[in-house]
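# Notes for the structure review
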Amino acid sequence: MTASTVDSASPVALAEGDRLAVDGIVLAVRVSPRRKRFALTVELDAEVTLHAPQGRPAADAADFVRTHRSWLVGKQALRERTRPLTPSKRLAEGEVFRYLGRTYRLTVDADRPDDGTVRLVAGRLILSAAQAEDPARGRSALVGWYCRVGREWAGGRIQPWAARMGVAEPMLDVADLGGRWGSYLPPGGGDGVGRMRLGWPLFQLPMHLVDYVIAHELAHVRVAGHGSDFWRLLGRALPEYEERRAELDELGRRMWMGDIA
């Protein structure tokens, strides 16, 4: 079966693309021959994915889901509470944009070169009229500005945090990470250091929350997962990390992620 809903009592092996309904919970099925055991993930939109080893029947998967039902329901409820409420923006005079927790209004400048980069001048973000008239170009120019100023600002924050945590300072990129605030890639391919990537929307948030994400990703230089060792390392450098994580979950879902009205 593919792209169909499977009976949870079926002895038939699950297939990639199936949907499995278990006691009112519908799960998308991903199958891998390399996987040894079942696993569950709850996506940002509260959809549930079941990761299954190849050849395992739906009945076994249903038993696994029922065993972890309490965790699953709790995780879904958390995702619903923190579901993004991201607004759209207009490329129009006076529209408000955030940078490091402060608000700035957009100015559309008819005299600015069509290919000019966005600048922050006297508390106003300056966009050319041609860019404002073309949503794709305008969005690209604003995202490029966030990437540029974000990388410059964060570049001065990584070294002090890395020193505090006793980890190697990684290379830094600021880019579109598809809704993620940050990621860390360990060294590979002959590189001597890893690479931290920060999502451009992060730089709308107050400085202390950007610092939290930087410290979070730096903890991954030493610890790959989110087990007790990871949180212990982060907690030594940032004892208030739980409060900052909760604030990021609440405030972050209200940030602009690039949609143009």
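Just so we're clear, the structure is a prediction, and the values are computed from it rather than from any experiment. (Residues numbered from 1 in each chain as written. Predicted model: local features only at pLDDT ≥ 70, side-chain atom pairs only at ≥ 80, totals over all residues. Heavy atoms only, no water.)

The next point concerns unusual backbone geometry. At Asp 23, a position not held by glycine, the phi torsion is positive, near 50 degrees. Topologically, Asp 23 is positioned in the loop between strand E2 (19–22) and strand E3 (25–32). Looking at Asp 23, the relative accessible area reads 46%, which means it is partly exposed. The phi angle at Leu 100 is positive, at roughly 50 degrees, despite the residue not being glycine. Assignment of secondary structure puts Leu 100 in the loop between strand E6 (96–99) and strand E7 (102–109). (Helix = DSSP H or I, 4+ residues; strand = E, 2+ residues; numbered from the N terminus. Buried < 20%, exposed > 50% of the residue type's maximum accessible area, 1.4 Å probe, protein only.)

The pairing of E2 with E3 spans four bridges and is classified as antiparallel. Paired with Arg 19 across the strands is Ala 28, a residue of E3. Between E2 and E3, which pair antiparallel and follow one another directly, the connecting turn spans two residues, one of which, Asp 23, has a positive phi of 50 degrees. Note: E3 against strand E5 (residues 48–53), six bridges, orientation parallel. Paired with Leu 27 across the two strands is Val 48, which belongs to E5. (Pairing = 2+ DSSP bridges.)

One way to put it is that helix H4 (residues 135–165) packs onto helix H5 (residues 207–222) with a least axis distance of 10 Å and a crossing angle of 50 degrees. The angle between the axes of H4 and H5 places the two elements in the oblique class. As H4 packs across H5, the resulting crossing turns out to be right-handed. Residues Trp 153, Ala 154, Arg 157, Ile 158, Trp 161, Ala 162 and Met 165 of H4 lie in contact with H5, whose contacting residues are Met 207, Val 210, Asp 211, Ile 214, Ala 215, Leu 218, Ala 219 and Arg 222. For the contact of H4 with H5, the residue count by class is 12 nonpolar, no polar and three charged. (Axes fitted to C-alpha atoms, helices over the stretch in contact; angles between N-to-C directions. Parallel < 35°, antiparallel > 145°, perpendicular 65-115°, else oblique. Left-handed = near helix turned anticlockwise from the far one by under 90°. Contact = heavy atoms within 4.5 Å. Nonpolar A, V, L, I, M, F, W, Y, C, P; charged D, E, K, R; others polar.)

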